Structures are given as C-alpha cells and as structure tokens.
Amino acid sequence: MIIGGLSIGFAAFSNSLNIKSSTTVSPSQDEFKIEASCSSNAANECEITPTANNEILISNSSKAIIENTNDGIIVKNINFYFTEPGQEITYSFYVRNVGNLTAYIKSYVFKNIDGLSKTVKCTAGEGTSQKLVDAFCNNGLSYNFSVLNSTTGYGIYHAFEDSTNQKIEINKSGLISLTVKYYDKQRRVDGPVEIEIGEFYINFSTVPNS
C-alpha cells in the first residue's frame, strides 16, 4: 500500500484507490480527477471484453468491470481461461485526466480474492488434474502492463513492475492494457484451467515517483 507523505513547502496530492490515513492530503475532485472508461473521450462505466491470441479463450472468459468511485478506479471480475502454454489474454481500457493537474501512475496492485489470502485462484477444468493446476498457479502466469499515451500517439510496452511514472496530461487520455500470459516454459497442464484474479487497483499522483 502506498502512503502519501508531506514535505516542507510542497504538498503532493494523490488520488488513491486504497484507504488513506488521516495524514494524507487530497485535492478537490475539480483539481485532480481521473476517470476510467471504455471510450477515450467519454466517461462510461463499462464491461471490458478481453482480447486474446485464441478465440476460444474469449468465449470462455468473463468481461471485466470498470467502476469509478469516490476513491478512484477499480477493475474487477477478471476471470479467464487457458488451455496451453503461450496463450495470453488482454484487458484494455482508457484512463482520462479530467482534472486541472497532470497525473502520474504512482503504483498498481492486485488485491486478494475475497475470502482467500492470495491474488490468484486456479480451478481445474473438466478432466484436468488439480495437482498440476496448483503447481501452474504458483509459477505459470506472467503479467505485463502497458500505457499508450494519446499525447504522443506512441505506446511503450513495459514490464509490469516498471510502468509507474507514466504521465497522463490534462484533458488527455491513456490506453491501459493488462496482459496475462500462460508462461511458455511452464510445464503443460493436462487440460483447461479457469483463472480468477483479485480486483486491480491503480494509484495516481500529481508528482512522479522519486
């Protein structure tokens, strides 16, 4: 969890999807406001239809849900389906800066699945060994996070852990994509696997990480 701090002479504002302590300084919604949407130029809470390198994956996967709340953005209902190494699925949506301050991606995190102490749950499909699925669930998934900034029109694909500090300027939007891949070098599971990932939270700030 990211906790905002205060420095002498300056206040670093943050719009966090996590609960803030009483010492965190937050701007008004008019000054600093980020919205998630399926559109680059309109705010509309929506369901995200995933894209994949195999059409069968899409038909057996759920649509993710975007919600804009008073605390920020939540992406949930990330449930999908893999059958063999090399497959991947992507959820894409827009983040729009409708406030008066430039925004930066501060951090992002998966929350634990309700009732569990883990962020990923894997369930064996029909005819699949749950023992093999459990081993797959611990080591078989890789994650990538990318940001396409509409200011420049160019996107850089970042490793999941290196995508902070991406700028979203005032009155601009960024296309955000979360890709999950069945790791190529993982031992093949003997059938289909149903995968559930905890809610995805993204934190924003008015200043980049130091």
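Notes on the structure in this doc start here.

Cut-off values and rules
- Residues numbered from 1 in each chain as written.
- Predicted model: local features only at pLDDT ≥ 70, side-chain atom pairs only at ≥ 80, totals over all residues.
- Heavy atoms only, no water.
- Helix = DSSP H or I, 4+ residues; strand = E, 2+ residues; numbered from the N terminus.
- Buried < 20%, exposed > 50% of the residue type's maximum accessible area, 1.4 Å probe, protein only.
- Contact = heavy atoms within 4.5 Å.
- Areas by Shrake-Rupley, 256 points an atom, 1.4 Å probe, with all protein chains shown as cover.
- Disulfide = S-S within 2.5 Å.
- Pairing = 2+ DSSP bridges.
- Axes fitted to C-alpha atoms, helices over the stretch in contact; angles between N-to-C directions.
- Arc of directions from axis to C-beta.
- Phe/Tyr/Trp six-rings, centres within 6.5 Å; stacked < 30°, edge-to-face > 60°.
- Salt bridge = Lys/Arg side-chain N within 4 Å of Asp/Glu carboxyl O.

### A short note on the overall build of the chain
Per the secondary structure count, the chain includes two helices and 18 strands. For the chain, buried positions account for 41% of its 210 residues. Here the analysis covers contacts within the chain between residues at least 6 apart in sequence; of these, 73% occur between residues at least 24 apart. Only carbon and sulfur atoms are counted for the fraction: they give 48% of the accessible area of the chain, which is about 11,100 Å².

### Quick look at the state of the cysteines
As used here, a disulfide is simply a covalent bond connecting the sulfur atoms of two cysteines. Evaluation of the coordinates by the stated rule reveals two disulfides. Across the disulfide from C38 sits C46; the S-S distance is 1.9 Å. Residues C38 and C46 share a disulfide whose torsion about the S-S bond is about 95 degrees; that sign makes it right-handed. Assessed through its relative accessible area of 13%, C46 is described here as buried.

### Concerning the sheet that holds strand β17 (residues 193-197)
Spatially, three strands are ordered β9-β17-β12 in an open sheet, and the strand pairing comes out antiparallel. Edge positions in the sheet fall to β9 (78-82) and β12 (120-124), since each of these pairs with one other strand and no more. Each strand axis lies, on average, 20 degrees off the axis of its neighbour in the sheet, ignoring direction. Helix α2 (residues 130-139) contacts β9, β12 and β17 of the sheet and is inclined by roughly 155 degrees relative to β12.

### What to know about α2
Among the residues making up α2, those that are buried are V133, F136 and C137. Looking down the long axis of α2, one finds its buried residues gathered within 100 degrees of arc, a one-sided arrangement. The exposed residues of α2 that point more than 90 degrees off its buried face are K131, N138 and N139.

### A few points about the packing of aromatic side chains
As enumerated under the stated definition, the model contains six aromatic pairs in all. An angle of 40 degrees between the planes, with centres 4.9 Å apart, marks the rings of F110 and F200 as tilted. Taken as a pair, F110 in strand β11 (residues 103-110) and F200 in strand β18 (residues 200-205) lie far apart in primary sequence, 90 residues in all. For the residue pair F110 and F200, the accessibility class agrees, reading buried in each case. An aromatic cluster is built from F80, F82, F136 and Y182, whose rings are joined through pairwise contacts.

### Focus: the environment of T164
Its place among the elements puts T164 in the loop between β14 (155-159) and β15 (167-168). Using a relative accessible area of 23% as the deciding quantity, one classes T164 as partly exposed. Considered as a pair, T164 and Y108 are 56 residues apart in the sequence and their alpha carbons are 8.2 Å apart. When near neighbours in sequence (up to four residues on either side) are disregarded, T164 contacts I105, K106, S107, Y108 and N209.

### Digging into the pattern of salt bridges
Scanning the entire structure with this criterion turns up three salt bridges. Here R96 ties to E35 by a salt bridge, and the two come within 3.0 Å at their closest N and O atoms. Note that R96 is positioned in strand β10 (residues 88-97) and E35 in strand β4 (residues 34-37), a separation of 61 residues in sequence. Residue classification places R96 among the buried positions, given a relative accessible area of 14%. Overall, E35 belongs to the buried group, its relative accessible area being 14%. Residue E67 is joined to K76 by a salt bridge in which the shortest nitrogen-to-oxygen separation is 3.0 Å. Overall, the relative accessible area of 25% leaves E67 in the partly exposed class.

Take it as geometry only, folks, not as evidence of what the structure does.
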